[in-house]
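Reading the structure
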Amino acid sequence: MSSPLRDITLPAAAPIAFDNSYARLPPQFFAEQAPTPVRAPRLIQFNTALAEELGLDAAALERDAAAIFSGNTLLAGAEPIAIAYAGHQFGNFVPQLGDGRAILLGEVIDRHGRRRDIQLKGAGPTPFSRRGDGRAALGPVLREYIVSEAMHALRLPTTRALAAVTTGEPVYREEPLPGAVFTRVAASHIRVGTFQFFAARGDTESVRVLADYVIDRHYPHIKDSQNRYLALLEAVAERQAALIARWLHIGFIHGVMNTDNMTVSGETIDYGPCAFMDSYDPATVFSSIDRNGRYAYANQPAIGQWNIARLGETLLPLIDPSIDAAVDLANAVIKAYGERFQGHWLAGMRAKIGLATEDDGDLDLVQSLLAWMQEQGADFTLTFRRLAAVAESQSNEAAFVAGFNAAESVTSWLGRWRERLTCEPQTPTKRAESMRLVNPAFIPRNHRIEQAIAAAVEDDDFSLFEALLTVLAKPYEDQQNFAPYAEPPQPAERVLQTFCGT
Ligand code: AMP
Ligand code: MG
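Residues numbered from 1 in each chain as written. Chains lettered and ligands numbered in written order. Predicted model: local features only at pLDDT ≥ 70, side-chain atom pairs only at ≥ 80, totals over all residues. Heavy atoms only, no water.

**Structural notes on the overall build of the protein chain**
Helix and strand counts for the protein chain stand at 16 helices and twelve strands. A globule of 502 residues ought to have a C-alpha radius of gyration of about 23 Å, and the protein chain, at 24 Å, matches this closely. Counting only C-alpha atoms and orienting by the principal axes, one finds that the protein chain spans roughly 75 × 65 × 60 Å. Relative to its 502 residues, the protein chain shows a buried fraction of 57%. Within the protein chain, contacts between residues at least 6 apart in sequence are counted, and of these 71% link residues at least 24 apart. For the protein chain, the distance from the average site of its 46 positive side-chain charges to the average site of its 60 negative ones is 1 Å. (Helix = DSSP H or I, 4+ residues; strand = E, 2+ residues; numbered from the N terminus. Rg over C-alpha atoms; globule rule 2.2 N^0.38 Å. Buried < 20%, exposed > 50% of the residue type's maximum accessible area, 1.4 Å probe, protein only. Contact = heavy atoms within 4.5 Å. Lys, Arg positive; Asp, Glu negative; His and termini not counted. Charge placed at Lys NZ, Arg CZ, Asp CG, Glu CD.)

**A closer look at the layout of surface pockets**
One number sums up the size of the second largest pocket: a volume of about 640 Å³. Around the second largest pocket, the lining comprises 24 residues; the ones closest to its centre are Pro140, Glu174, Leu177, Phe499 and Cys500. Elements with a contribution of two residues or more to the lining of the second largest pocket: helix H4 (138–153), strand E10 (176–186) and helix H15 (446–459). Here the lining of the second largest pocket is composed, by residue class, of twelve nonpolar, seven polar and five charged. Each of domain 1 (22–189) and domain 2 (193–351) contributes no fewer than three residues to the lining of the second largest pocket. (1 Å grid on protein atoms, 1.4 Å probe; cavity = no way out; pocket = protein on both sides within 12 Å on 5 of 7 lines; lining within 4 Å. Points joined across faces, edges and corners; volume = space filled by probe spheres on them. Nonpolar A, V, L, I, M, F, W, Y, C, P; charged D, E, K, R; others polar. Domains from an automatic or database assignment.)

**Notes on the site of ligand 1**
Residues in contact with ligand 1 amount to 18 residues; listed here are only the nearest, Gly98, Gly100, Arg130, Asp133 and Gly134. One of the side-chain N or O atoms of Arg130 is found 2.9 Å from an oxygen atom in ligand 1. Asp133 is positioned such that a nitrogen or oxygen atom in its side chain is 3.0 Å from a nitrogen atom of ligand 1. Taken together, the residues that form the shell around ligand 1 break down as two nonpolar, eight polar and eight charged. Here the shell around ligand 1 spans two domains, since at least three of its residues come from each of domain 1 (22–189) and domain 2 (193–351). (Near = heavy atom within 4 Å. Polar contact = N/O pair within 3.5 Å; in protein donor to acceptor, adjacent residues only side chain to side chain.)

**Some points on the environment of Gly77**
Structurally, the position occupied by Gly77 is in the loop between helix H3 (65–70) and strand E3 (81–83). When the C-alpha atoms of Gly77 and Ala17 are compared, they prove to be 7.0 Å apart, with 60 residues separating the residues in sequence. Once you skip the residues sitting within four places of it in the chain, Gly77 turns out to touch Phe18 and Asn20.

**Looking at the packing of aromatic side chains**
According to the stated counting rule, one finds 19 aromatic pairs in the structure shown. Between Phe400 and Phe404, the ring centres sit 5.5 Å apart and the planes meet at 50°, which makes this aromatic pair tilted. Phe400 sits in the buried class, given a relative accessible area of 1%. Residue classification places Phe404 among the buried residues on the basis of a relative accessible area of 5%. Geometry around Tyr85 places Arg191 over its ring, the cationic atom sitting 4.5 Å from the centre. One cation-aromatic arrangement involves Arg294 over Trp306; the distance from NZ or CZ to the ring centre is 4.7 Å. (Phe/Tyr/Trp six-rings, centres within 6.5 Å; stacked < 30°, edge-to-face > 60°. Lys NZ or Arg CZ within 6 Å of the ring centre and 35° of its normal.)

Quick look at the structure:
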């Protein structure tokens, strides 16, 4: 007997099974906005592994990738929107920012059951564009691709890169540059500034709707807390404290930690003028627009706390009907952020120097190494990677010491460290192994990124970009064939400034 369905040709499943919860929120949360088509899209990179993790039909997407990831073809089920948000930029409040050049296509549930956003960045103007053109240049798109994927491989929470295409159209900054569109994947695109958008309008009801949505999406375990909005503040503070500690552990400088560039999910977002530090200096700033060092390497934890305080302000009316009581409760969370951060930071630093147990002197031991590194201009990444080799065998000590200008200083530190290791249970081999899992050999060094961008923009040569993606996919492995990528820049290669991705 034949099946009743035999003669029916089912339509091919859509390559992306969208389920767009944000587009179901009230209309004041976003503006409907389709991408603006571009002249001649060309695929630069497609992240097949991520597409598969997201449960997408990678093969179907790849066949039509240039059209899909430029916004020229809108897939069935996409509901393109630009999200409304506000934000403090360098401390100054701007009541309306919003997605001026980003368009959320929709959401999917990935293979692990997690909801993820798929967004085009540089897909044309939106009602939030203000005077901007809604477009992105190729350089910043490649930078975001490289650094966000590197952050993921380094095991930091981050937005991801699904695709990059060029548009065949110029964008005009100081000079005409090749245009590009970046496809970003995020746990969500909700920022501290999204809360501020409604709070600044006195729209407490929308703050409540947003808070409930965020709890559902990112923090379902706090749903039944006695004070769920206070619990939300606490949960976001915890994720940000943990995240910023991780940034410090790998020498990352975000560069523009405005409240609109801080997610409530705890993912790193908005890779503009971000950069990794080469030689260690806590005052390091790369961003050309950060003239006062507000977002310097070592200021990041304090700025995280400042941003969390701004989130707390938006939640006050929900935390307690008495404003005084609400302020006290929120303040306690903001204060505790400092201890949370310190706890995460010290735990990570212990791991970086190979300690599996805790001792009261550890903080001082860590700080004294950092002080020597700063004084002697030691490379942040190489110092810790080489220390792992020293942990394995004393014969590797010369290479470690060579990273410092004056050997005596660090030799005395090594003595203290060895003394401390005598109280540790691990074997040297095991210790070195653990240290190599937290101290990368490869980071996206600025000079390498700049070289890759220059080759792509000036010569249409993407080989350096691809090489960087390859080496940075395994940052904790010694990849001998990529050894030069582990090296700091030569003086002439040093990058002193980075620029926003606008
Ligand atoms: P960013 O500095 O990238 O975090 O962006 C800050 C604000 O400026 C956001 O509201 C962006 O959407 C907006 N923006 C940045 N670049 C552009 C652009 N080229 N066109 C329109 N809006 C932009
Ligand atoms: Mg931004």
